[in-house]
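Topology and contacts: notes
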Amino acid sequence: MPSLENCSALQLLQLDDNRFGGVIPRHFGNMSSLLYLTMSRNIIHGTIPAEISQLHSLQELSLSQNRLTGEIPDSIGKLEVLNVLSLNENQLSGKIPSCVGNLTMLTKLSLGANNLHGSIPLSLGNIKFLSLLNLSRNHLSGDIPKEIFQLSEALLQLDLSRNHITGPLAPVNNIIRLKNLVYLCLSNNNLSEYATGSKPSTYGDMYSYGILVLETFTGKCPTDEIFKDSLNLHDFVKRAIPEQMMNVCDPTLLLYLENGNGMSINCSITSEKTMECLCSVLQIGIACSMESAEARIDIANVLKELHLIRDVL
């Protein structure tokens, strides 16, 4: 993109959802007025150039769902007014640089689905305005730093799933500080039980179960790019059922129901029953993931509903 080399007054460069290939040009660092640089969902490869650090006014850097390799450059810690850093679903390797903790204005840090290893930097505890932290689907190891559980009440979503994290969870009283947390996913790690003898509330467990149900049957994750502003996975499904249920279900699941079982979704009575049951399962997911803990369905009623669904099938 040599034609952009001299665009020093450019403030927004949005190139998402194309088929741009090649590498990120180093001359992007010359666009000193740039506030937003988003190039997600392309086929860009190569490394993140260190020259990115010259964009001192940058507020959003979104390079997710590309083919980027190499390490996250230490120079990225110079982007001190950055609000959003989204590098998920690439092939980035190495450790998460501790300088990410210098990005104290971040509200969203998404590094999921890469090949990152090493421990979670303690410096992430410096990011006091963070509302979303997604480090899932990497090769991170070690304990969860207590600094993560001491983040401010701004934190809404924390996803550390599918890593190699070990050790106990932080003491329950530390977790309780995250009183506005609505999504906590620590699955597929090597964690021990809670570090104190106190019993955690089952409300949070029901919420996690509900989100897991919605993830399983929609094929979507709460940290996916489509969920921004006021839209989340819970509302995405709730608004669709029952009339638009087919639009939110995982297409692979629907294909299995139609072909794998020898059914025709549109015609057979058996298939109609299957769709009714699918709708019921999604409703369970919605009922478990209500924002208010007191409004969530309890495990006894979940089991009752699941038994009813089984009997219908």
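Residues numbered from 1 in each chain as written. Predicted model: local features only at pLDDT ≥ 70, side-chain atom pairs only at ≥ 80, totals over all residues. Heavy atoms only, no water.

**Quick notes on the overall build of the protein chain**
A tally of helices and strands in the protein chain yields 7 helices and 15 strands. Within the span of the protein chain, comprising 313 residues, buried residues form 47% of the whole. Long-range pairs, those at least 24 residues apart, make up 58% of the contacts in the protein chain with a sequence separation of at least 6. Roughly 15500 Å² of accessible area belongs to the protein chain as shown, and the carbon and sulfur atoms make up 52% of that amount. (Helix = DSSP H or I, 4+ residues; strand = E, 2+ residues; numbered from the N terminus. Buried < 20%, exposed > 50% of the residue type's maximum accessible area, 1.4 Å probe, protein only. Contact = heavy atoms within 4.5 Å. Areas by Shrake-Rupley, 256 points an atom, 1.4 Å probe, with all protein chains shown as cover.)

**As for the pattern of salt bridges**
Following the criterion strictly, the structure yields 3 salt bridges and no others. The residue Glu-147 makes a salt bridge to Lys-146 at a minimum N-O spacing of 3.5 Å. (Salt bridge = Lys/Arg side-chain N within 4 Å of Asp/Glu carboxyl O.)

**What to know about the sheet that holds strand 4 (residues 60–62)**
On the basis of which strands lie adjacent, the open sheet formed by 8 strands has the order 1-2-4-6-8-10-12-14 and parallel pairing. Each having just a single partner strand, strand 1 (12–14) and strand 14 (183–185) make up the two edges of the open sheet. Between one strand and the next, the sheet's axes are offset by a mean angle of 10°, whatever the strand orientation. Examined bridge by bridge, strand 4 and strand 6 (residues 84–86) share 3 bridges and lie parallel to one another. The residue of strand 6 that forms the bridge with Glu-60 is Val-84. (Pairing = 2+ DSSP bridges. Axes fitted to C-alpha atoms, helices over the stretch in contact; angles between N-to-C directions.)

**Structural notes on the nonpolar core**
Counting 49 residues, the largest nonpolar core has Leu-37, Leu-61, Leu-85, Leu-109, Leu-124, Leu-133 and Leu-135 as the members making the most contacts within it. In contact with Leu-109, not counting residues within four places along its chain, are Leu-85, Val-100, Leu-124, Leu-130, Leu-132, Leu-133 and Asn-134. Judged by nonpolar contacts, the second largest core, of 20 residues, contains Cys-185, Val-248, Leu-254 and Leu-282. (Core = buried A, V, L, I, M, F, W, Y, C linked by side-chain atoms within 4.5 Å.)

**Structural notes on the environment of Ile-72**
Here Ile-72 is to be found in the loop between strand 5 (67–68) and strand 6. Along the chain, Ile-72 and Pro-97 lie 25 residues apart, while their C-alpha atoms are 7.0 Å from each other. The contact partners of Ile-72, leaving out residues within four places of it in the chain, are Leu-87, Leu-92, Ser-93, Pro-97, Leu-111 and Leu-116.

**Focus on empty space enclosed by the protein**
Across all of its chains, the model carries 1 cavity of 30 Å³ or more by this definition. Considered as a void within the structure, the largest cavity measures approximately 40 Å³ in volume. Lining the largest cavity are Gln-65, Asn-88, Glu-89, Asn-134, Arg-137, Thr-223, Asp-224 and Glu-225. Class assignment for the residues of the lining of the largest cavity results in no nonpolar, 4 polar and 4 charged. (1 Å grid on protein atoms, 1.4 Å probe; cavity = no way out; pocket = protein on both sides within 12 Å on 5 of 7 lines; lining within 4 Å. Points joined across faces, edges and corners; volume = space filled by probe spheres on them. Nonpolar A, V, L, I, M, F, W, Y, C, P; charged D, E, K, R; others polar.)

**Let's talk about the sheet that holds strand 7 (residues 93–95)**
Across the sheet, which stays open at both edges, the 5 strands sit in the order 7-9-11-13-15 with parallel pairing between neighbours. The two strands at the open ends of the sheet, each matched to only one other strand, are strand 7 and strand 15 (190–191). Examined bridge by bridge, strand 9 (residues 115–118) and strand 11 (residues 139–142) share 2 bridges and lie parallel to one another. Looking at strand 11, one finds that His-117 is bridged to His-139.

**Brief notes about the pairing of strand 13 (residues 164–167)**
Of the two faces of strand 13, the one lined by Ile-165 and Gly-167 is fully buried and the one lined by His-164 and Thr-166 carries no buried residue. Alignment of strand 11 against strand 13, held across 2 bridges, turns out to be parallel. Bridging from a neighbouring strand, Gly-142 pairs with Ile-165 of strand 13. With 2 bridges connecting them, strand 13 and strand 15 associate as parallel partners. Residue Gly-167 lies in a different strand from strand 15, and its bridge partner there is Leu-191.

**Remarks on the confidence of the model for the protein chain**
In this model, the protein chain carries a mean pLDDT of 84, and residues with pLDDT of at least 70 account for 85%. Throughout residues 194–201 the model reports pLDDT below 50, and contacts reaching past four residues in sequence, or to other chains, amount to 11 contacts. Here residues 262–270 is a poorly scored stretch, pLDDT under 50, and it has 14 contacts once near neighbours within four places are set aside; other chains count. (pLDDT = per-residue confidence, 0-100.)

**Some words on the side chain of Ser-53**
Along the polypeptide, Ser-53 turns up in the loop between strand 3 (45–46) and strand 4. Each residue touching Ser-53, except ones within four places of it in the same chain, is listed here: Ser-75, Lys-78 and Leu-79.

**Looking at the environment of Gly-21**
With respect to the secondary-structure elements, Gly-21 resides in the loop between strand 1 and strand 2 (36–38). When the C-alpha atoms of Gly-21 and Ile-44 are compared, they prove to be 4.4 Å apart, with 23 residues separating the residues in sequence.

**What about the packing of aromatic side chains?**
A complete count under the given rule lists 1 aromatic pair for this structure. Between Phe-227 and Phe-236, the ring centres sit 5.6 Å apart and the planes meet at 75°, which makes this aromatic pair edge-to-face. (Phe/Tyr/Trp six-rings, centres within 6.5 Å; stacked < 30°, edge-to-face > 60°.)

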